[in-house]
Every structure is written in structure tokens, then in C-alpha cells.
Amino acid sequence: MHRPFVSISSLSRLVAGILSLFASHTMAAGFALIEQSASQMGNAFAGGSAIANDASTIYFNPAGLTRIPHQVVGAIHAVRTTAEFSGSATDLLGSPVTSGGDGGDAGGIGIIPNLYYALPMDNGFVFGLGINVPFGLATDYDDDWVGRYHGVKSEVSTININPSLAYRVNKDFSIGFGLSLQYIDAELSQAVDQGSLCVANALAGGAPDVPTALGICAGAGLAPQGNDAFAKVEGDDWSPGINFGILFEPGDHTRIGLAYRSQVKHQLHGDATFSNAHPAFTSTSVFVPSDIEAQVDLPQTASLSIYHDLNSQWSVMADATWTGWKSFPELKIKYQDSNQPDSVTDESWNNNMRYALGVDYRPNSRWTLRGGVALDRTPIPDEVHRTPRIPGEDRTWVAIGAGYRLSQALSVDVGYAHLFVKDPEMRSGTATSGILDGEYD
């Protein structure tokens with residue numbers, strides 16, 4: 001079957017369009033995004049590395065390209081998340097934070113685009129190019145909420161450019177390999193309780209007790225929770241990675257796929273800015289603009305999938321995917337200015353698993369109806385390591401979808417998934433943020 005031809009120059013314009021469309025993204029298990037195919041959305045992405053029914057296999061298993069004709073596939077996913085906190089917080093002195101509300105809904109709508117191109121060549125080789133968004137998150141609270149010393153805005157955006165090459169070894173086996181050039185851009189912000197920091201510094205500097213330290217700081221206009229600074233950190237980076245896969249087709253009706261995607265080590269560089277910083281701190285080069293760097297190692301993944309046609313109308317599929325989130329032990333921001341201490345958040349994430357089952361039903365040659373369920377385990381180990389930046393928990397997917405073939409050269413796929421998430425509990429904090437204790441809906 002043939003697909004419309006698209007020239008390389010046209011592809012470049014489509015790439016530019018996707019980059020300009022890309023805006024914000026929403027959290028998944030951790031902050032990995034599996035929303036990489038419109039057709040597989042309806043199956044809850046079950047059997048991802050074995051289905052190989054369109055060019056989006058570039059992301060899930062490049063070996064599947066040997067099944068794909070000359071083809072262009074594009075998709076846009078709209079994701080709506082909610083994250084509403086209820087609970088309490090203390091400042092770093094242990095006093096209740098009485099000002100501020102619950103932060104509102106920290107979720108929102110994220111747009112996740114992707115584009116894939118497959119080009120069969122001679123001697124069993126197929127070239128592919130994928131452009132997608134493999135990781136992303138966005139949470140945004142009111143500036144004056146009770147957890148403002150833990151986080152206000154968190155946004156991570158990625159773009160992955162993934163040229164691939166597949167080869168059919170024989171009628172049963174295909175192999176595929178890809179290179180990734182991945183861009184990451186991050187922005188983190190939070191309030192800084194200058195008053196409580198002043199009290200802590202006064203005690204460390206010799207003040208005999210807390211009331212005396214409070215008096216010293218109040219005289220300087222630095223009452224705890226009464227004079228917040230606002231910190232924003234931004235950084236970006238380009239880094240490489242690889243992916244490869246194997247597709248085994250023991251017969252006309254069964255496919256088994258094994259795929260691997262490597263870790264990508266990012267070293268972000270950027271800057272930190274501070275607003276409303278008090279002269280008591282800026283005079284000692286604390287809370288002043290500074291260059292920063294931060295290492296973020298995005299995890300490796302491995303998946304095993306199976307797809308089987310029961311008959312001409314029904315197909316079933318299953319999938320197990322492992323993600324190596326132990327590559328994210330902490331979030332550490334290093335400041336070039338030696339007077340500004342590094343910011344370190346202990347994450348201690350675990351590796352996690354995702355399991356999915358799906359089914360296709362084809363009532364006729366034009367329609368495909370899809371359904372699927374999945375269980376997506378969180379990598380966050382407990383409420384002590386859960387933060388308001390990523391308040392994730394285990395998620396159960398229920399998905400439906402449909403595909404309609406308009407002609408031999410054009411088809412359309414739509415899908416919908418609802419994710420049922422356990423209410424995350426949180427009791428976390430650091431020496432400079434206090435403790436945030438509560439629950440998310």
C-alpha cells in the first residue's frame with residue numbers, strides 16, 4: 001500500500017511546525033510520556049513494540065519499519081491533568097504557614113505532538129525519522145500557596161529527533177537501530193522565606209534564643225513568612241542517545257517485539273534570577289543572579305510486546321515496559337556563585353513497570369475499533385519523597401479508540417484514555433523549605 005510522498009524539504013517545514021506548536025506537557029509515571037501514537041492510544045499503548053502498523057513504530061521499536069510502506073504519520077495529543085492539594089505546611093523553623101491557600105489546580109492542558117516518516121530502500125532496508133516529545137511535565141500553583149517554599153512552577157519540555165534504520169534479516173526477523181538527538185528545556189520557581197532564613201542565620205551567629213533572633217530580623221524587616229523572595233531557575237541542553245529493537249514474526253498472525261531505548265544524560269546550563277531579594281542577603285552575594293548547571297539523567301527503557309490476530313476481525317496484544325528511574329536520585333542545582341549554596345532535593349526514585357492489554361475489532365475493511373487497559377506504577381517510593389513539583393502515584397488506564405481508512409492513501413485515528421490515579425499523600429521537605437503535609441486529588 002502506498003502513502004503520499006513527502007519531500008525532505010517538506011519534512012523540514014513540518015519539523016519546524018511541530019517545534020513551534022510544542023508548548024507545555026503534563027506528567028506521566030515520573031514524567032515520561034508514552035503518548036507517541038494516535039493509533040495506539042485506543043489500545044492504551046499495549047503491544048507497542050510488536051504492533052508495527054504505522055510509522056510511529058520508530059519510537060516503540062524501529063525494527064517494525066520493515067512492515068511499513070512509504071508513509072507519513074502525524075499526531076497531536078491533548079492531555080488534561082488536575083492536581084489539587086489539601087493540607088498544611090510549616091516553615092523551616094517548624095512554625096505553621098498560615099498565609100496562602102491550597103494553590104488551586106496545579107494541572108492544566110498540555111499538547112504533545114509527534115511526527116514520523118518511513119522510506120523503504122533497496123535490499124531490505126527502511127529509513128525512518130521520528131520527532132516526538134518523550135518527557136515532559138508542567139505544574140503551576142498560585143504564587144502565595146502554602147507550599148510556595150517547595151515549588152510554584154515546574155516545567156520540563158523535551159524534543160527528540162530520532163533517525164532510524166531497519167533491516168529485514170529474513171521472513172521471520174527484523175532488526176532496527178536509531179540515534180536520538182534530544183533537547184531539554186526546564187524552568188523551576190519557588191518562593192524563599194527570607195525571614196525564617198534570617199532567624200536561622202541569627203541563631204547560628206550567636207543569638208541566644210529564637211525570640212531574640214526574631215526581634216533582630218523583625219527590626220530589619222525580615223519577619224518569617226513576611227518578606228518572601230522569588231527564585232526562578234532556567235536551563236537547557238542537547239544530548240545524544242540510542243534505541244534499537246528486534247521484531248520476530250513466527251507466522252502471518254503473530255509478532256513479538258523487544259525494544260530498548262538508552263538513558264540520555266543531560267547537563268543543563270542556564271541562569272538563576274531572584275526578585276524581592278533583601279539587601280541583607282544580596283550584600284553577601286546570596287540571592288543574586290547567577291549561572292547554574294544541573295545534571296538530569298533521563299531513564300533507559302526496555303519493553304517486550306506481543307501481537308496476535310485471532311482471526312480476520314479480532315486481534316489481541318500485550319506489553320510490559322520497564323523504566324530505569326533510579327537514574328533520578330536527586331535534583332541538584334549548582335550555582336556558579338560560591339556564596340549561593342547548591343539546591344538539592346532528594347528524589348530516590350525506583351525503577352518502575354507498566355503493563356498493558358489491548359484488543360482490536362475490525363467490523364469491515366474500513367473501520368478498526370480499539371480498547372485497552374494498563375497499570376502504570378509510580379517510581380516515587382513514598383510520601384517523604386513525593387514533591388509538589390511531581391505529585392505522582394500509580395495510574396490505571398482505560399482507553400478506547402477507532403481508526404477509519406478514507407482511501408488507500410489516507411486514514412484517520414482517534415483515541416481517548418482516562419487515567420484513574422490513587423490520591424497521592426505527601427509529607428516532604430528540606431532544611432530550607434519546611435514540611436509540606438497533605439494529600440492530592
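Scroll up a little and you will see the structure.
Basis of the calculations
Residues numbered from 1 in each chain as written. Predicted model: local features only at pLDDT ≥ 70, side-chain atom pairs only at ≥ 80, totals over all residues. Heavy atoms only, no water. 1 Å grid on protein atoms, 1.4 Å probe; cavity = no way out; pocket = protein on both sides within 12 Å on 5 of 7 lines; lining within 4 Å. Points joined across faces, edges and corners; volume = space filled by probe spheres on them. Helix = DSSP H or I, 4+ residues; strand = E, 2+ residues; numbered from the N terminus. Salt bridge = Lys/Arg side-chain N within 4 Å of Asp/Glu carboxyl O. Buried < 20%, exposed > 50% of the residue type's maximum accessible area, 1.4 Å probe, protein only. Phe/Tyr/Trp six-rings, centres within 6.5 Å; stacked < 30°, edge-to-face > 60°. Lys NZ or Arg CZ within 6 Å of the ring centre and 35° of its normal. Pairing = 2+ DSSP bridges. Axes fitted to C-alpha atoms, helices over the stretch in contact; angles between N-to-C directions. Contact = heavy atoms within 4.5 Å. Core = buried A, V, L, I, M, F, W, Y, C linked by side-chain atoms within 4.5 Å. Disulfide = S-S within 2.5 Å. Polar contact = N/O pair within 3.5 Å; in protein donor to acceptor, adjacent residues only side chain to side chain.

Peer 1: I'd love a proper account of empty space enclosed by the protein, names of residues and values included.
Peer 2: Per the counting criterion, the structure on display carries 1 cavity of 30 Å³ or more. What the largest cavity holds in volume is close to 530 Å³. Ile-34, Tyr-59, Thr-301, Thr-321 and Thr-323 are the residues nearest the centre of the largest cavity, which is lined by 36 residues in total. Elements with a minimum of two residues in the lining of the largest cavity: α3 (48-51), α4 (57-60), β7 (173-193), β8 (228-251), β9 (254-261), β12 (301-309), β13 (314-323) and β16 (352-361).

Peer 1: Break down the pattern of salt bridges for me, citing the residues and quoting the values.
Peer 2: By the definition in use, this model includes 16 salt bridges. With its nearest N and O atoms 3.6 Å apart, the salt bridge here joins Glu-155 to Lys-153. According to the relative accessible area criterion, Glu-155 is buried, its value standing at 16%. For Lys-153, a relative accessible area of 25% corresponds to the partly exposed category. Ionic pairing is found between Arg-386 and Glu-393, a salt bridge with its closest N-O pair at 3.4 Å. As far as burial versus exposure is concerned, Arg-386 and Glu-393 are alike and both buried. Each member of the salt-bridge network shares a partner with another, and the members are Arg-67, Arg-168 and Glu-249.

Peer 1: Before we move on, can you summarise the packing of aromatic side chains with the specific residues and values?
Peer 2: As enumerated under the stated definition, the model contains 22 aromatic pairs in all. An aromatic cluster of three or more residues is present, and its members are Phe-31, Phe-135, Trp-325, Phe-328 and Trp-349. When the ring centre of Trp-397 is taken as reference, the NZ or CZ atom of Arg-354 above it lies at 4.6 Å.

Peer 1: I'd like to hear about the sheet that holds strand β20 (residues 425-430), residue by residue, with values.
Peer 2: Strand order in the open sheet made by the 3 strands is β2-β21-β20, with antiparallel pairing throughout. Looking at the sheet topology across the chains shown, the edges are occupied by β2 (85-89) and β20. In this sheet, neighbouring strand axes are inclined to one another by 20° on average, regardless of whether the strands run parallel or antiparallel. With 5 bridges joining them, β2 and strand β21 (residues 434-440) adopt antiparallel strand pairing. Each residue of the ladder has a partner; that of Ala-89, found in β21, is Leu-436.

Peer 1: A description of helix α5 (residues 194-204) should follow, citing residues and the corresponding values.
Peer 2: Buried residues of α5: Gln-194, Gly-195, Ser-196, Leu-197, Cys-198, Val-199 and Ala-202, and no others. On its buried face, α5 is in contact with β7, α6 (210-219), β8 and α7 (279-282). One or two steps after α5, the chain reaches Gly-206, where phi turns positive at roughly 120°.

Peer 1: Which residues make up the nonpolar core, and what values go with them?
Peer 2: Core analysis: the biggest nonpolar cluster contains 37 residues, and Phe-31, Phe-287, Ile-333, Tyr-335 and Trp-349 have the highest contact counts within it. Looking at this core, the elements that each hand over two or more residues are β7, α5, α6, β8, β10 (264-275), β11 (290-298) and β14 (330-335). What Trp-349 contacts, discounting residues up to four positions off in sequence, is Gly-30, Phe-31, Trp-325, Lys-326, Phe-328, Pro-379, Ile-380, Pro-381 and Ile-390. Ranked by size, the runner-up nonpolar core spans 25 residues in total, among them Ala-50, Tyr-59, Val-73 and Ala-356.

Peer 1: Tell me what's going on with the state of the cysteines, and back it up with residues and numbers.
Peer 2: Each disulfide consists of a covalent bond between the sulfur atoms of two cysteine residues. Counted under the stated rule, the structure contains 1 disulfide. The disulfide bridge from Cys-198 ends at Cys-217, spanning 2.1 Å between sulfur atoms. Because the torsion about its S-S bond is -95°, the bridge between Cys-198 and Cys-217 counts as left-handed. Here Cys-217 lies in helix α6 and Cys-198 lies in helix α5, a separation of 19 residues in the sequence.

Peer 1: Lay out the side chain of Glu-393 with the relevant residues and their values.
Peer 2: Position of Glu-393 among the secondary structure elements: in the loop between β17 (367-376) and β18 (395-407). Overall, the relative accessible area of 14% leaves Glu-393 in the buried class. A polar contact of 3.4 Å, which involves the side chain of Glu-393, links it to the side chain of Arg-386. If we ignore the near neighbours within four places in the chain, the residues touching Glu-393 are Asp-376, Thr-378, Arg-386, Val-421, Lys-422, Asp-423 and Pro-424.

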